[in-house]
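In case you want the letters, here they are:
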Amino acid sequence: MNSSWVIHFKDGNVGMKLLLGGKGANLAEMTVVGLPVPSGFTVTTDACRAYHASLRLPDGLMDDVKEGIKAIERQKAQCFGDADDPLLVSVRSGSVSSMPGMMDTILNLGLTDITVQGLAKATNNDSFAFDCYRRLIQMFGNVVFGIESIYFEKLLHQLKRELGVKQDQDMTAEGWKQLIPQFKSCIERHARKSFPQDVNEQLKLAIEAVFRSWNNHRAKVYRKINQIPDEQGTAVNIQAMVFGNLGQDCGTGVLFTRNPSTGDKHLFGEYLTNAQGEDVVAGVRTPLPIAELKKEMPQVFEQLVSIAEKLELHYRDMQDIEFTVEKGKLYMLQTRNGKRTAQAALKIGVNLVHEGIVTVEEAIQRVEISHLDQLLHPTIDPQAVLDIVAVGLPASPGAASGQAVFDADTAEQWARSGMKVILVRSETNPEDIHGVLIAEGVLTSRGGMTSHAAVIARGMGKPCVCGCEEISVDVEGKQFFAGNRTVNEGDWISIDGATGRVIVGKVPLKDADMSGELVQMLEWADGMRQLQVFANADSPEDAAKARELGAEGIGLCRTEHMFMSSQRLPIVQEMILADSSEDRQAALDKLLPMQQADFEGIFAAMAGFPVTIRLLDPPLHEFLPNLEELLGRQIRMSVLEIERTAEQEALDRLIRKVRSMHETNPMLGQRGCRLGILFPEIYEMQIEAIFRAVLRCVQKGIRVLPEIMIPLVSHANELRILRELVDEKAEQVLKGEKKNCSYKVGTMIEVPRAALTARQIAQYADFFSFGTNDLTQMTFGYSRDDAEGKFLSHYVDQKLLASNPFQVLDRDGVGQLIELAVDRGRSVKPSLKTGICGEHGGDRESIFFCHEIGLNYVSCSPYRVPLARIAAAQAKLTFGDVGQANKLIVS
């Protein structure tokens, strides 16, 4: 019976998953190893792809299906469509990648007005037969004709009320006979079609419907979330029906070989007697714990336990099993690797290693990186009832509840008084840092996944939802609007940074958990990987957290973030607004000891590990108040004051200064190394603070490995000039101690020209750090905040792009530039140290690319360090050793 479209269970195996789908491959495997599986066959994924290519079933498919039905008829000694003892079949979807509940199933197919009489006679059970028939009509109406189940449910509940029946299983045959014409009329009324009385037409329509369900809304959303390729398609499994609703010696259930919530090694599941499979999940009756089956059907339970153990050993993983009991005989309807919580996944993985079922390498490869995000940040209790009012971009994982505040100063004031707050802004800027620092989480209506708010929140391990265009923020009115809902300052809200959900009210949270199993997995991963994992950290506290989570250095310390505290920002503004170089130097002299103290703390926290410090990068206007807010203040003051005051004069000067510093495109303007060249005194102060901190640490016996990074270099001459500045300052400050401090000077490659001219730039660099956020932005020509808020999601949805390039590194464009820069740089300086420090440093696919091209390290936010450690190990296991170029070059 096997053909290009159809393969019988006995002729398949688990290795044919791409053709048979997960369910079909596992049914075939269980059949081959001798487990009790109802006879059947699989219509392949090739047929699904052919169907979607032409929007009709491929030629010859139904002939192959009829041959498959004949094979089942021979095994069951029944005939499909027979009036006396009809064969009934189930028609179930079965995708290659597990997609539980996303596609459609039809049971009891083959019943008609005639064959239902034969089933009633063959089983001597009219109530059972007509119950099966009404189930088929309802499923068929829903799956094939697209009629919402609620219409059928209303008819059923109305009849039960009329007859005084509470449970479906208490309905008489006469009741079902009364309901069946109503169900048929429902189909005719809503679909303008009749329920088919030809069993072969039923089968054809059912196969088409399952193929169509591959592209239903929930399936497409699930594929998008889980990055399942649309071209996989689904198989269709056609299988002889076995009945769990024939009486009290029948039943159906779902079983996990280990607890999917905790990972504990005991059977976990539920079952119902006298029921069909959909009853367990429909909630019509309350299922019983699987342990109760031992009392009701002890022999069946023993057999089930034995089969569960065999399946787990055979598949070498926790299994999710569906079973039916018909007249005391057990049948296996499905097995698959079970879905599990993050903690359960780690516990099961570690235990399977200890039990000798899988190797350490296999356990590491099975870790889902997204699971670790759940473990390292608070999450919303999955049982909580949520009042979701909007959904934005999931910018930083974790969940938080707090009272809404609309400015950083209020956030700081309320938080210091013991209140929990969520900072809500249209978008954040560096001035808001003190509010972000103290808030439980951040919500913005604008900005993308790599916006200021997102980057800062991720670095601090705080939940953040960005670019939530479904809300309108009124900062002056201290409220935001979501549809017809208004949230005022002080109202409780919650955010879920992993999904982007915005929720009105306070929700129960589950704390993060650095479990023993996670620690074990990380130890195993560290013994395998080649890539080193650094952290992006801007304070001693961040550095300490990074070390706690396993970082082997700081790959990016953004010095501008050190200027944002409420104590320092006025001094920075004083420096920017200075009218003379003397006034500017006076402000810089105040900042120097503050910077030095920060660097000392970071060096101490990372003793013996490299610390890469990026000199000031953003344009100076970012440290000044927003022009629109200043103008608003000016208008209010002019209304209130009759005579001009000194305060108004100062405000006018500030507005003139802010306007003078305005740039049409500040991200491509006076920032990065351009600042250091135009205003060398700024970089001199920072460099001096670094080396003073180095000197103090060396004197204390702390081993320091400083690396000074010059940002936004696009020409070798820029790096040459600023390297000379660093070397001069090192001589001045370190003097005789210079021999005890081997510092490095390098650059952040974030401009395409820098990548293209890496051979020239490498002459003056000890390392290249790829700033993949800006490099992606400049390579694509996207403004990242605008792109993510406006069109990128459409590009991804329409498959113009495979993924958001600010989340997953673009191998073909940005990746090519990185690889080219590494090759050209190392052609001049073979010992050149290379790594990435953008947000991609915590993304699994991007980490794989970094391993493949021979980078030395990746750097990510502290809370993503554990994810990167495991992803780096998975990269090594997948691609092997990439050679000596990938070994860490000791600082």
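Details of the structure are given in the entry above.
Residues numbered from 1 in each chain as written. Predicted model: local features only at pLDDT ≥ 70, side-chain atom pairs only at ≥ 80, totals over all residues. Heavy atoms only, no water.

(A) Broad picture of the overall build of the protein. Secondary structure assignment for the protein yields 35 helices and 33 strands. Projected onto the principal axes, the alpha-carbon positions of the protein cover approximately 105 × 70 × 50 Å. The buried share of the protein, reckoned over its 891 residues, is 57%. By sequence separation, contacts in the protein at least 24 residues apart represent 69% of the contacts at least 6 residues apart. Accessible area for the protein stands at about 36,300 Å²; split by element, carbon and sulfur atoms hold 49% of it. Side-chain charges in the protein split into 96 positive and 116 negative, and the spacing between the mean points of these groups amounts to 2 Å. (Helix = DSSP H or I, 4+ residues; strand = E, 2+ residues; numbered from the N terminus. Buried < 20%, exposed > 50% of the residue type's maximum accessible area, 1.4 Å probe, protein only. Contact = heavy atoms within 4.5 Å. Areas by Shrake-Rupley, 256 points an atom, 1.4 Å probe, with all protein chains shown as cover. Lys, Arg positive; Asp, Glu negative; His and termini not counted. Charge placed at Lys NZ, Arg CZ, Asp CG, Glu CD.)

(B) A look at the sheet that holds strand β18 (residues 441-444). Pairing is mixed across the open sheet formed by eight strands, whose spatial order is β14-β24-β23-β16-β17-β18-β19-β15. On the outer flanks of this sheet lie β14 (388-391) and β15 (393-396), each paired with one strand and no other. Neighbour-to-neighbour, the strand axes of the sheet open up by a mean angle of 30 degrees, direction not taken into account. Both β18 and strand β19 (residues 464-466) contribute to a ladder of two bridges, which runs parallel. Looking at the pairing, L443 lines up with V465 of β19. Sitting on the sheet, helix α16 (residues 408-416) is in contact with β16 (399-405) and β17 (421-425), with an inclination near 110 degrees to β16. (Pairing = 2+ DSSP bridges. Axes fitted to C-alpha atoms, helices over the stretch in contact; angles between N-to-C directions.)

(C) Quick look at a nonpolar patch on the surface. Residues I677, L678 and I721 make up a contiguous nonpolar surface patch of roughly 240 Å² in combined accessible area. Looking at where I677 falls in the secondary structure, it is placed in helix α25 (residues 673-678). (Patch = residues over 30% accessible without salt bridge, like charges linked within 9 Å, V, L, I, M, F, W, Y side chains within 5 Å. Salt bridge = Lys/Arg side-chain N within 4 Å of Asp/Glu carboxyl O.)

(D) Spotlight on the packing of aromatic side chains. According to the stated counting rule, one finds 16 aromatic pairs in the structure shown. With a centroid separation of 6.0 Å and an interplanar angle of 65 degrees, the aromatic rings of Y133 and F195 are classed as edge-to-face. Taken together, the positions of Y133 in helix α5 (residues 126-143) and F195 in the loop between α7 (173-191) and α8 (199-213) put the pair 62 residues apart, joining distant regions of the chain. Measuring from centroid to centroid gives 5.4 Å for F140 and F195, while their planes differ by 80 degrees, and the two rings are edge-to-face. Here F140 is found in helix α5, whereas its partner F195 is found in the loop between α7 and α8, with 55 residues between them in sequence. Its relative accessible area of 5% is what places F195 among the buried residues. (Phe/Tyr/Trp six-rings, centres within 6.5 Å; stacked < 30°, edge-to-face > 60°.)

(E) Looking closely at helix α33 (residues 811-828). With 18 residues, α33 should reach 26 Å at 1.5 Å per residue; the first-to-last C-alpha distance of 24 Å fits that figure. Residues V814, G815, L817, I818, A821, V822, G825 and R826 constitute the buried set of α33. One face of α33 carries all of its buried residues, which in axial projection span an arc of 150 degrees. Turned more than 90 degrees away from the buried face of α33, the exposed residues are D812 and Q816. Against α28 (752-756), α29 (758-761), β31 (767-770), α30 (772-780), β32 (833-836) and α34 (844-852) lie the buried residues of α33. (Expected span 1.5 Å × (residues − 1). Arc of directions from axis to C-beta.)

(F) Just the pattern of salt bridges, in detail. Applying the stated criterion to the full structure yields 51 salt bridges. With a shortest N-O distance of 2.7 Å, R485 and D387 are connected by a salt bridge. With R485 in strand β22 (residues 485-488) and D387 in the loop between β13 (379-380) and β14, this pair connects stretches of sequence that are 98 residues apart. Since its relative accessible area comes to 31%, R485 is described here as partly exposed. Given the relative accessible area of 31%, D387 is considered partly exposed. The network of salt bridges with common partners includes D131, R134, R135, K160 and D168.

(G) Spatial organisation of the nonpolar core. Core analysis: the largest hydrophobic core is formed by 141 residues, its most contacted members being M521, F603, F623, F691, I710, F768 and F770. In terms of residues, this core owes the most to one element, helix α26 (residues 680-699), which gives 11 residues. Membership of the second largest hydrophobic core comes to 67 residues, among which are A47, L57, A129 and I180. (Core = buried A, V, L, I, M, F, W, Y, C linked by side-chain atoms within 4.5 Å.)

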